[in-house]
Amino acid sequence: MKRKAMLLALLAGVLVAPLARSDEALWKLLQGGGQVVLVRHALTDPGVGDPEGFRLGDCTTQRNLSDEGRREARRLGESLRARNVPVGKVLSSPWCRCIETARLAFGAPAELQPALSNLFGRHEREAAQVTEMRKLVRKPERGNTFLVTHGSTTLALTGVSPATAEMVVLTPQDGGGFRVAGRLAAR
């Protein structure tokens, strides 16, 4: 029994060690600047999608951040500052949960960008919106560009479905493309 437990512990160490190294490599990549980072908004009140009859200009009609989501957004900002990650431009979906995530994480209002709008339940908009998002993924002039958006929108662009407040790091490539460098959760 002891031998089996030791083997399981060793196997767990072998499997977890590369993940830790990849996290550290991604943090170093971000510290160097030049990346575009998709951030899924932080945790919201329970539910999926948007309530019937919601309006973008009225946060009382939308699904918003929960108290835990506000803590999550602040932790994201604290993680970036603690690791000296240079922040250049911050763009946000016009949905209130994204705007608040950006404000809490980065300490200032973000520039609203319709291309980052929620695609959940709006599949007819996906192709045009992905085309517009691709234009946002270019090497930043300084620091890293942060795009605060939705899980469905990130999935449409990258094929990655992030957790709340998770970052998907993109490295812009020549010719307008990008490479998904990895994913990071704030700690």
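Nothing here was measured: the structure is a model prediction, and the numbers come from that model.

About the criteria used
- Residues numbered from 1 in each chain as written.
- Predicted model: local features only at pLDDT ≥ 70, side-chain atom pairs only at ≥ 80, totals over all residues.
- Heavy atoms only, no water.
- pLDDT = per-residue confidence, 0-100.
- Contact = heavy atoms within 4.5 Å.
- Salt bridge = Lys/Arg side-chain N within 4 Å of Asp/Glu carboxyl O.
- Helix = DSSP H or I, 4+ residues; strand = E, 2+ residues; numbered from the N terminus.
- Buried < 20%, exposed > 50% of the residue type's maximum accessible area, 1.4 Å probe, protein only.
- Disulfide = S-S within 2.5 Å.

If pLDDT is low for a region, its predicted coordinates should not be looked at in detail. Across the protein chain, the average pLDDT comes to 87, with 89% of residues at or above 70. For the stretch residues 2–20, pLDDT sits under 50, and the model shows zero contacts to residues farther than four places along the chain or on other chains.

Before going further, it helps to spend a moment on the pattern of salt bridges. Tallied over the entire structure, the rule returns 11 salt bridges. For the salt bridge of Glu132 with Lys135, the shortest nitrogen-to-oxygen distance reads 3.0 Å. Of this pair, Glu132 and Lys135 both sit in helix H4 (residues 126–136), three residues apart, which is roughly one turn of the helix. Residues Glu166 and Arg183 are paired through a salt bridge, measuring 3.0 Å at the closest nitrogen-oxygen approach. Of this pair, Glu166 sits in strand S5 (residues 166–172) while Arg183 sits in strand S6 (residues 178–185); the two residues are 17 residues apart in sequence, bridging distant segments of the chain. In this structure Arg183 comes out as partly exposed when scored by relative accessible area, which is 37%. Members of the salt-bridge network, linked through shared partners, are Asp67, Arg70, Glu100 and Arg103.

This part is about the state of the cysteines. For the structure shown, the criterion picks out one disulfide. Across a sulfur-sulfur distance of 1.9 Å, Cys59 and Cys96 are joined as a disulfide pair. Because the sign of the S-S torsion sets the handedness, a value of about -85° for the bond joining Cys59 and Cys96 places this disulfide among the left-handed ones. Of the two residues, Cys59 is situated in the loop between strand S1 (36–40) and helix H2 (67–82) and Cys96 in helix H3 (residues 96–106); the sequence distance between them amounts to 37 residues. On the accessibility criterion, Cys59 (38% relative accessible area) is partly exposed. In this structure Cys98 is not part of a disulfide, and its nearest cysteine sulfur, from Cys96, lies 9.4 Å away.

Positionally, Gln35 belongs in the loop between helix H1 (2–31) and S1. With residues up to four places along the chain from it excluded, the contact list for Gln35 reads Leu29, Leu30, Pro140, Gly143, Asn144, Thr145, Val169, Leu170, Thr171 and Pro172.

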